[in-house]
Every structure is written in structure tokens, then in C-alpha cells.
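Next come the chains, spelled out residue by residue.
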Amino acid sequence: MSFREYGVVFWVGVGVLALLVASPGLSRLLVWPQTEFFTELWILGPNHMAEGYPYNVSRYENYNIFLGVGNRLGHLAYYSIAVKFRNQTQPAADTFNRTFSSLPALYNVSAFVPDEQVLELPLTFSLNYSYPDALSRIEFYSLTLNGVFLDLANCTATWDSGRSEFMGNLFFEAWIYNATMGGFQYHERFVGLRFNMTI
Amino acid sequence: MLGLTEITAATGLTEASSAIDEAEKRILVCYKAVAEADRVGANTTELLAALDEAGNLSSKAHLAYEKGDFDSAQEFARLSQERLEGLDVEADALAKSGGQQRSLDFIINVVGSLVGAVVVVIGGVVVWVFLNRKYGGEEGSVS
């Protein structure tokens, strides 16, 4: 091997070593810009998996689910999760138009989630309702969520023959604090569970 | 003329409303302080737990207020504020020490490693000059 060929090997070695030594600094300086900023919102079933969600619901019975919030916004976020409940005729949040339900929140759950982290809230809920035979409809009284009593008076559900159910829909909307406007704004995320109220 | 009960209720409503407003302002002040501490890489786990708790107490205060239970609303709002006592000061201190740590981290990782790389290259040049003087003139193969 000629001296010149040794030189090539030598300089390649020096280059690789220099890059290795510089790598901690380069890793901080050469960060590709993150282009997608978003929040994840999900519900898991009682076994902490995406299965076993309650559907056929009985009055007073407790059901367990997990509500998760994942922050991919690049900064610590202050969320307010609006808890809402509706029957089949009341307005729902809209995925395509990215609008929230005009129903008032029964309760707001505060959540402070750092960037790239998730917060999972174990939720236990039960529903109190009745079925007056003469009216042939479900009359809701209350929703108890993690021990907090929430009034559902004036909410009723009629029989949906197409789906064979008395429909109730518990859903959660993500709202986020916007420092610029000095208040919460709808974050275009919601998740929910559809129930058949058994009698 | 208002009755005594109505005056008491109105006072309770005003006091509860003002306590909730104060609690919410306090949460926002602390949130901004914790966000800054978080931004500089400080460990904010405990501060976030306190914020979560205060936020949920504030939610309960709202709920009680909507139900007309002004005493409970005021109490929840007070507890919410109490939970955040000194939290913004702690967050500011964490942000300051986190900022210093971040500067040190920057010096060690970025400046240190780049300087190290330059030293490696200069060392390479020195060694190459030495080798070139010793073997470069021979123009033959090195065994």
C-alpha cells in the first residue's frame, strides 16, 4: 500500500473520529423541524385496552374506562376536557366540520400535560334513569362521574327502532387554553361512548 | 324590598363568583410559571400534580356554583388557591436553575463537542505533517 493510500485511510479515520466527537453538539443543532402539532384523545376499556367498552348499560351500575390525552404540541398544554351527555336528537360534536356540541358541559376536567407526554384518567361512571311504562321512553336523572354528581334532568331517550336501543352518548371534548385570546378554545378533538340504556 | 335570605344569597353568589375568579387567575399565573420551567427542562412533575389538583378543585367550585351551592363553591375555590400557594415562586426558581443547567448543558454538549472535533482535526493535521515528513518523501510503499 502506498503512502498516499495510507493517507486516505488516515483522513477518513480522522473525519469519522471528528464526527463522533461532534455528534452530541450536532444532534442538538441539526434538529429537523417538527411540522405536525396535535393532541391525541382516546378512551380505553376497563382492562386498559381498546375493547370491552360498555354498551348495554344498567342503571346505578358502575363502569370503568380510561380517558387519555397525549400532547404533541411542543409545549406544556392546559386542557379542559368538557364532559357532555346527549340523546339521539341532541347535537353532537362534528368530526368533519370540526365543531363542538352546543350542549353545555356537565363538568370540566382540568389536565396539564407536558409536551410528548400522556395523561390517563381512570373514570368510573354510573347512570341513573327510569323507564315510565306509560311514556315508553327513558328519563335520565343523573350521571355520577368519579363520585361527582351531574344533573341530567330534562334529558330523555326514545326507542330507536332502527338500532334497537335507547341511546345515550357520553362524550368528552378537548378544549385548550389559548394564552393569546386569554381563554379556552375548542381543540377539535372529541371521543365518546354510545350506550343502550337497558330497562 | 329584599328579604334577609335574598340578601344573604346574593352576597354568597358574589363572594363565590369572586373566589372562583381568583382561583382561576391563580391557576393561570401558576400554569405560565410551570410552562416556563418545563420549557427550560426543569422537573415539573410535582408542580403539575398540584396544578391538576387545583384545576379539578376549581371545576368542582364551578359545578357547586351552578347548582347554587355557593358555600361549597367558595370552599372549593379557596382550597384550589391554597393548593397553589407558593407554586409560582417554586416554578420560577426551577425555571431559573433549569435555565442555568441548560446553559451548562449547551456549553458541555454543543461547544465542548464542536471544540473537541476541531481538536481532533488539528491533531490529525499535526500527525499527518509528522508522518509526511517521515515517510512522504520516500514515495514508495510502506510495509
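All figures in this text were calculated on a predicted structure; none of them were measured in a lab.

Chemist: Looking at this model, I keep getting lost on the overall build of chain B. Mind explaining?
Modeler: Of regular secondary structure, chain B possesses 4 helices and 0 strands. Ordered by position from the N terminus, the helices and strands of chain B form the series α-α-α-α. Out of the 143 residues in chain B, the part that is buried amounts to 33%. Taking the contacts inside chain B whose residues are at least 6 apart along the sequence as the reference set, 77% of them involve residues at least 24 apart.

Chemist: Just to check I follow, could you spell out the packing of aromatic side chains for this structure?
Modeler: Note on aromatic pairs: each is described by the distance of the centres and the angle between the planes. Scanning the model with the defined rule gives 21 aromatic pairs over all chains in all. Centre to centre, the rings of F10 of chain A and W11 of chain A are 5.3 Å apart; their planes meet at 80 degrees, and the pair counts as edge-to-face. Under the relative-accessibility criterion, W11 of chain A is labelled partly exposed at 33%. Aromatic ring contacts, followed pair by pair, group Y78, F112, Y177 and F184 of chain A together with Y31 of chain B into a single cluster.

Chemist: Please clarify how the packing of helix α2 (residues 45–66) of chain B against helix α3 (residues 70–83) of chain B should be interpreted in this entry.
Modeler: How two helices pack is summed up by the angle between their axes together with the distance between the axes. All names here are of chain B. α3 packs onto α2 with a crossing angle of 165 degrees between their chain directions and a minimal axis gap of 8 Å. In terms of orientation, α2 lies roughly antiparallel with respect to α3. By crossing handedness, the relation of α2 to α3 is classed as left-handed. Every residue of α3 that contacts α2 at A50, E53, A54, L57, S58, K60, A61, A64 and Y65 is listed here: F70, S72, A73, F76, A77, L79, S80 and R83. Of the residues contributing to the contact of α2 with α3, the split by class is 11 nonpolar, 3 polar and 3 charged.

Chemist: I tried to follow the confidence of the model for chain B on my own but got confused; where do I start?
Modeler: Atomic detail in the predicted coordinates should be set aside for any region of low pLDDT. All names here are of chain B. Here chain B averages 88 in pLDDT, while 88% of its residues score no lower than 70. When mean pLDDT is taken per element in chain B, α3 scores highest with 96 and helix α1 (residues 4–39) scores lowest with 87. Both scores are available for the predicted complex, with the pTM at 0.80 and the ipTM at 0.79.

Chemist: Whenever I open this one, the environment of V69 of chain A confuses me. Can you help?
Modeler: Residues and elements named next belong to chain A. Locating V69 in the fold gives a position in strand β3 (residues 63–72). In the structure, V69 is positioned 27 residues away from W42 in sequence and 6.7 Å away in space, judged by C-alpha atoms. With near-sequence residues (within four places) excluded, V69 lies in contact with T39, E40, L41, W42, Y79, I81, V113, Q117, V118 and L119.

Chemist: Please explain unusual backbone geometry as it appears in this structure.
Modeler: Phi is mostly negative for residues that are not glycine, and the peptide bonds are mostly trans. Residue and element names in this part refer to chain A. Positive phi outside glycine occurs at N146, with the angle close to 45 degrees. Take N146: it is sitting in the loop between β7 (137–145) and β8 (148–151). For N146, a relative accessible area of 43% puts it in the partly exposed group. The backbone phi angle of N154 is positive, close to 75 degrees, even though this residue is not glycine. Checked against the element boundaries, N154 lands in the loop between β8 and β9 (156–160).

Chemist: Quick question: what am I supposed to make of a nonpolar patch on the surface here?
Modeler: A cluster of nonpolar residues, L29 and L30 of chain A together with F106, I107, V111, V115 and V119 of chain B, forms a patch on the protein surface that exposes about 660 Å² of accessible area. Ranked by residue count, the leading element in the nonpolar patch is helix α4 (residues 87–135) of chain B, at 5 residues. Assignment of secondary structure puts L29 of chain A in helix α1 (residues 3–29). Assessed through its relative accessible area of 49%, L29 of chain A is described here as partly exposed.

Chemist: What am I meant to see in the layout of surface pockets here?
Modeler: Where empty space is left becomes clear once a probe the size of a water molecule has been rolled over the atoms. Approximately 410 Å³ is the volume attributed to the largest pocket. In terms of lining residues, the largest pocket is bounded by 21 residues, among which S80, N108 and F184 of chain A together with E24 and H62 of chain B are the most central. Looking at the lining of the largest pocket, the elements with two or more residues in it are β4 (77–86), β5 (107–113), β10 (165–178) and β11 (183–197) of chain A together with α1 and α2 of chain B. No other element matches α2 of chain B, which puts 6 residues into the lining of the largest pocket. Looking at the lining of the largest pocket residue by residue, the classes come out as 10 nonpolar, 9 polar and 2 charged.

Chemist: Mind showing me how you'd approach the packing of α2 of chain B against α4 of chain B here?
Modeler: All names here are of chain B. Close contact between α2 and α4 brings their axes to 11 Å; oriented N to C, the two are set at 155 degrees. On the basis of their axis angle, the class for α2 and α4 is roughly antiparallel. The way α2 lies across α4 gives a crossing that is left-handed. Taking contact as the criterion, the partners of L47, A50 and L51 in α2 are, on α4, L87, E90, A91 and L94. Here the contact of α2 with α4 is built from residues that sort into 6 nonpolar, no polar and 1 charged.

Chemist: What should I look at first to understand the interface of chain B and chain A in this one?
Modeler: A common measure of how large an interface is: the accessible area buried when the components associate. Residue-level contacts link 36 residues of chain B with 33 residues of chain A. Three residues, Y31, V120 and W128 of chain B, lead the burial of chain B against chain A; their summed loss comes to 19% of the area buried on that side. Linking chain B with chain A are 8 residue pairs in polar contact (both at pLDDT 80 or more), by the criterion used here. If you list the elements that add at least two residues to the side of chain B that touches chain A, you get α1, α2 and α4 of chain B. Sorting elements by how many residues they give to the side of chain B that touches chain A places α4 of chain B first, with 16 residues. Considering only residue class, the side of chain B that touches chain A consists of 19 nonpolar, 11 polar and 6 charged.

Quick notes on the rules
- Residues numbered from 1 in each chain as written.
- Chains lettered and ligands numbered in written order.
- Predicted model: local features only at pLDDT ≥ 70, side-chain atom pairs only at ≥ 80, totals over all residues.
- Heavy atoms only, no water.
- Helix = DSSP H or I, 4+ residues; strand = E, 2+ residues; numbered from the N terminus.
- Buried < 20%, exposed > 50% of the residue type's maximum accessible area, 1.4 Å probe, protein only.
- Contact = heavy atoms within 4.5 Å.
- Phe/Tyr/Trp six-rings, centres within 6.5 Å; stacked < 30°, edge-to-face > 60°.
- Axes fitted to C-alpha atoms, helices over the stretch in contact; angles between N-to-C directions.
- Parallel < 35°, antiparallel > 145°, perpendicular 65-115°, else oblique.
- Left-handed = near helix turned anticlockwise from the far one by under 90°.
- Nonpolar A, V, L, I, M, F, W, Y, C, P; charged D, E, K, R; others polar.
- pLDDT = per-residue confidence, 0-100.
- Patch = residues over 30% accessible without salt bridge, like charges linked within 9 Å, V, L, I, M, F, W, Y side chains within 5 Å.
- Areas by Shrake-Rupley, 256 points an atom, 1.4 Å probe, with all protein chains shown as cover.
- Salt bridge = Lys/Arg side-chain N within 4 Å of Asp/Glu carboxyl O.
- 1 Å grid on protein atoms, 1.4 Å probe; cavity = no way out; pocket = protein on both sides within 12 Å on 5 of 7 lines; lining within 4 Å.
- Points joined across faces, edges and corners; volume = space filled by probe spheres on them.
- Buried area = accessible area lost by both parts, 1.4 Å probe.
- Polar contact = N/O pair within 3.5 Å; in protein donor to acceptor, adjacent residues only side chain to side chain.

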